[in-house]
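Secondary and tertiary structure notes
Chain residues, written in single-letter form:
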Amino acid sequence: VDPSARVIGPALVGPGARVGAGAVLVGPVCVGARSVVEAGATVSRSNVWERCRVGAGAVVDASLLAHAVVVEPGARLMGAVEVVDGAGQVTDVLA
């Protein structure tokens, strides 16, 4: 966890996970093993499984990101459940 990142409330950051400069985690939140929350991103009230990437400046709130999901820089996910299908495409199962 970068020294300039903020962690507010209960948070679990798994082994090998990285939280970049200026990123914000608002609990309850879980960031899985080897996942990356890039600089300036916000993850709140969410579960981010292993090997995910939340791009710089993205906001993820009240969401579930399954194994290896990538959230593009600047994206906004609210109440989403994102999974990677057999073809490697990200799908929001609630849409």
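Please refer to the structure higher up on the page.
Notes on the structure in this doc start here. Because the structure is a prediction, the values reported are computed rather than measured.

**Description of the sheet that holds strand β12 (residues 70-71)**
Pairing is parallel in the open sheet, where four strands are placed in the order β3-β6-β9-β12. A strand with exactly one partner marks an edge of an open sheet, and here the two such strands are β3 (18-19) and β12. Of the strand pairs in this sheet, strand β9 (residues 53-54) and β12 are connected by two bridges, and their pairing is parallel. Looking at β12, one finds that V54 is bridged to V71.

**Quick notes on a nonpolar patch on the surface**
Together, V1, V7 and V13 line one region of the surface with nonpolar side chains, adding up to about 240 Å² of accessible area. Take V13: it is sitting in strand β2 (residues 11-13).

**Some words on the side chain of S46**
Tracing the chain through its elements places S46 in the loop between β7 (42-44) and β8 (47-48). Using a relative accessible area of 2% as the deciding quantity, one classes S46 as buried. In this structure the side chain of S46 is engaged in a polar contact, spanning 3.0 Å, whose partner is the backbone nitrogen of S63. With residues near it in sequence (within four places) discarded, S46 still touches P28, V29, C30, V60, D61, A62 and S63.

Reading the values: rules and limits
- Residues numbered from 1 in each chain as written.
- Predicted model: local features only at pLDDT ≥ 70, side-chain atom pairs only at ≥ 80, totals over all residues.
- Heavy atoms only, no water.
- Pairing = 2+ DSSP bridges.
- Helix = DSSP H or I, 4+ residues; strand = E, 2+ residues; numbered from the N terminus.
- Patch = residues over 30% accessible without salt bridge, like charges linked within 9 Å, V, L, I, M, F, W, Y side chains within 5 Å.
- Areas by Shrake-Rupley, 256 points an atom, 1.4 Å probe, with all protein chains shown as cover.
- Salt bridge = Lys/Arg side-chain N within 4 Å of Asp/Glu carboxyl O.
- Buried < 20%, exposed > 50% of the residue type's maximum accessible area, 1.4 Å probe, protein only.
- Polar contact = N/O pair within 3.5 Å; in protein donor to acceptor, adjacent residues only side chain to side chain.
- Contact = heavy atoms within 4.5 Å.

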